[in-house]
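Close look at the chain arrangement
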Amino acid sequence: MPTSLRDLPADLSADVCIIGSGPAGATLARELAGHRLDILLLESGGLEYDPAAETLNEIESVGAPRILDQTIIRNRGLGGTARIWTGRCTPLDDIDHETRPWVCHSGWPIGPETLKPFLARARPYLGLAAPVREDADDLWAYTGLPAPPTRPDPALFLPCFWQFSRGRHPAEPVRIRDALLADSGHKLRIVTDATVTRLIPNREARAIAGVEAATPESRRHRIRARLVVLAAGGIENARLLLASRDVCAAGLGNARGLVGRFLMDHVRGGIAVFRPRDAGRLAPHFATRLVRGPEGTHLFSQGWRLSPALQAREGLLNGAFWLSELVSPQDPWSALKRLASGLSTGLADAARIAAHPVLLARGLWSSLGGSGAVPRRLAGLELNAMIEQVPDPESRVTLAERCDRHGVPLPRLDWRIDPAEPRTLRIAAERIRPVLSALGLPVPALADWVRAGDALPPDFADVSHHIGTTRMAADPARGVVDLDGQVHGVEGLYVAGSSVFPTGGHANPTLTIVALAIRLADHLAASASRGRREALSIAELG
Ligand SMILES: Cc1cc2nc3c(=O)[nH]c(=O)nc-3n(C[C@H](O)[C@H](O)[C@H](O)COP(=O)(O)OP(=O)(O)OC[C@H]3O[C@@H](n4cnc5c(N)ncnc54)[C@H](O)[C@@H]3O)c2cc1C
């Protein structure tokens, strides 16, 4: 079981100190636990939801509108934000690793082949079955289901799919917290109520020496460690580096002023709408379904992505498309829910329920049957898009004047939307219509904002994918961490999580986060066994 920092002495030590217990930190800790290293995992929150811990996630937002209630965007607690994640997984596309002349600052310093073995090793951590590549043919090969009878023109769109993380049931994602607890023990000590307030380098700031952590009552502890890994999420990783200013006024690892820059998320929202009755004809290309395969039943969702050829030809960002249901205001299940929760308008909702006995009976039947898919009365089927953002050095996290209760400055987010982003969405929406038509499929109506050529509507806010703020680059002039995830110029200090991604692709980030955490674990285990660094004494902790 985890120990609260309150119950531990003021001075602690470990071989590896990991900050944060989300998918990045938890995977790293569990991988390293098999390597005879003494690991201390520090988690700011506790075992259960704690509103006081959540207040430490407060942000200031001075750029494009963001969701300010951080409790729906990030979680402080064991398991991190994966306590509330949806579990949608897909890897980056090959093109995401490339330097694309039409996307400034694009290109990963590691290629898809480097990530491939780690994606395979990530599967058990996320409860995924074998097909985790982006190629839809993998899905048909795995399931034995017939591929759709037609395909979009590959010069324009390519079929793709997402697999949902499976926990106890196909519709419930893996809960990272429980797996982490099961693996904790003598060599993997989990410490809750431990908010790291400062990273402590040696006197020349060329190597890490340890960290300072605060209990919820702000009592300070020092943890000495040869290796420290920041796995606190894409905003907090940058915030902690910037706030560690004892030795370097600009923050640790920030000699080139790059920490916090290139803040990205995904731009996601509806670009067109089909009629509800189009669902059947679209299903071979855009279904979400439970699939029984050799590794059990898993939930998959099919869609299309922009072909690399179209991206290059039109100067577009990478993006993918899938269908979601637009529930009608007349939906009887929504009415039932309102009545049950006392929020109902009474007679009107009762009439909605009475008008749809067959739909209700079918919903009840599938709920009892465990499929979880309740048929709803629909107003339409929305064609959703998720695209990457342009890596922009002016889109960034800096420190605000205001501090949290431990005296650490809040992160100030100046999040930017590049004109290439609405342009990509608009062109994609326009190009997809003739492709659907050529296949004899229904053609959707463009969303009002797409047709009018307007800016992104307000519901295209951030989607909790915090990318790029400590980006990876071989050259310290271009990124914060090197190819191993070590902060340039600060030996022993590493970063895990989507903050190291140089670009985000259209993929939800967690599968790549977990794959990179496993890769980092291999690196740390190898370097620890080589005994590259001597432990520093408490006296040297500045
Ligand atoms: C509603 C929702 C749905 C999502 N759905 C998906 C999805 O379908 N697919 C997908 O890929 N992603 C999804 N995500 C995003 C996903 O949750 C994140 O990509 C993932 O959790 C990031 O992992 P992480 O370990 O880097 O950070 P986090 O999970 O945020 O974990 C960071 C941890 O660090 C701790 N911490 C922070 N600061 C400190 C500090 N100073 N000291 C000590 N500890 C600290 C935090 O308490 C937290 O436990 C979703 C997110 C949300 C909110």
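Before going into details, it helps to say that this report is about the structure given with it. Remember, predicted model here, so these are calculated numbers, not experimental data.

**What about helix H3 (residues 112-126)?**
End to end, H3 covers 20 Å across 15 residues, agreeing with the expected 21 Å (1.5 Å per residue, within 8%). Maximum bend of H3: about 30°, positioned at Ala120, with proline Pro124 one to four residues after it. Inspection of H3 places Leu115, Phe118, Leu119, Ala122, Arg123, Tyr125 and Leu126 among the buried residues, and these make up the whole buried set. For H3, the secondary structure elements touched by its buried residues are helix H1 (23-32), strand S5 (88-89), helix H5 (176-183) and helix H14 (510-529). Trailing H3 by a residue or two, Gly127 shows a phi angle of about 65°, which is positive.

**A word on the packing of H3 against H14**
Their axes nearest at 8 Å, the elements H3 and H14 cross at an angle of 105°. Between H3 and H14, the interaxial angle falls into the category roughly perpendicular. Facing H3, whose interface residues are Thr114, Leu115, Phe118, Leu119, Arg121, Ala122, Tyr125 and Leu126, H14 presents Thr510, Leu511, Thr512, Val514, Ala515, Leu516, Ile518, Arg519 and Asp522. For the contact of H3 with H14, the residue count by class is 11 nonpolar, three polar and three charged.

**A closer look at the packing of aromatic side chains**
Tallied over the entire structure, the rule returns eight aromatic pairs. Taking the ring centre of Trp415 as reference, the NZ or CZ of Arg66 above it sits at 4.8 Å. For Arg471, the ring lying beneath its charged end belongs to Phe262, and the centroid distance is 4.1 Å.

**Some details on the site of the ligand**
The immediate surroundings of the ligand are formed by 37 residues, with Glu43, Thr81, Arg88, Val196 and Thr510 found nearest. Arg88 is positioned such that a nitrogen or oxygen atom in its backbone is 2.8 Å from an oxygen atom of the ligand. In isolation the ligand exposes 990 Å². Once the protein is present, 92% of that is buried. Among the secondary structure elements, those contributing two or more residues to the shell around the ligand are H1, strand S8 (195-201), helix H6 (234-243) and H14. The residue inventory of the shell around the ligand, partitioned by class, reads 16 nonpolar, 17 polar and four charged.

**Quick notes on the sheet that holds strand S4 (residues 60-61)**
If you trace the three strands from one edge of the open sheet to the other, you get S4-S17-S16, paired in mixed fashion. Taken across any chain shown, the strands that pair with only one partner, and hence form the sheet edges, are S4 and strand S16 (396-403). Bridge analysis of S4 against strand S17 (residues 409-414) gives two bridges, and the strand direction is parallel. Among the inter-strand pairings, Ser61 is bridged to a residue of S17, identified as Leu413.

**Side note on helix H12 (residues 420-438)**
Relative to the 27 Å expected for 19 residues at 1.5 Å per residue, H12 spans 27 Å between its end C-alpha atoms, a close match to the ideal helical length. Buried residues of H12: Ala420, Glu421, Pro422, Thr424, Leu425, Arg426, Ile427, Ala428, Ala429, Ile432, Val435 and Leu436, and no others. One or two steps after H12, the chain reaches Gly440, where phi turns positive at roughly 75°.

About the thresholds
Residue positions are given per chain, counted from 1 along the sequence in the order it is written. Reporting of local features is limited, given that this is a predicted model, to residues whose pLDDT is at least 70; pairs of side-chain atoms are given and counted only at 80 or more, and all residues count toward the totals for whole chains, interfaces and linings. Excluding hydrogens and water, the side-chain values take into account all heavy atoms of the structure. Only DSSP runs of H or I reaching four residues or more are called helices, and only runs of E reaching two or more are called strands; each is numbered from the N terminus. For a helix, the expected span equals 1.5 Å multiplied by the residue count minus one. The term bend refers to the angle at a residue between two fitted axes, each drawn through seven residues, those ending there and those starting there. Note on classification: 1.4 Å probe, protein chains only; a residue is buried when its accessible area is under 20% of the maximum for its type, exposed when over 50%, partly exposed between these limits. Two residues qualify as a contact provided that any one of their heavy atoms is within 4.5 Å of a heavy atom in the partner residue. Every angle, taken between N-to-C directions, lies between 0 and 180 degrees, and every axis is a line fitted to C-alpha atoms, over only the stretch in contact when it is a helix. Between 65 and 115 degrees an angle is taken as roughly perpendicular, under 35 as roughly parallel, over 145 as roughly antiparallel, and anywhere else as oblique. Under the scheme applied, nonpolar residues are Ala, Val, Leu, Ile, Met, Phe, Trp, Tyr, Cys and Pro; charged residues are Asp, Glu, Lys and Arg; polar residues are all the others, including Gly. Planes of paired rings set the category: under 30 degrees apart is stacked, over 60 is edge-to-face and the rest tilted, where pairs are Phe, Tyr or Trp rings (Trp by its six-membered ring) whose centres lie within 6.5 Å. Counting as a charge over the ring demands two things of the Lys NZ or Arg CZ atom: a distance within 6 Å of the ring centre and an angle within 35 degrees of the ring normal. Consider each residue's heavy atoms; a residue with any of them within 4 Å of a molecule or strand counts as near. Any pair of N or O atoms that falls within 3.5 Å is considered a polar contact. Within protein, one atom must be able to donate a hydrogen and the other to accept it, and sequence-neighbouring residues count only if both atoms are side-chain atoms. Values of accessible area rely on a 1.4 Å probe in the Shrake-Rupley scheme; residue burial ignores everything except the protein chains shown. In this description, strands pair whenever DSSP reports at least two bridges between them.

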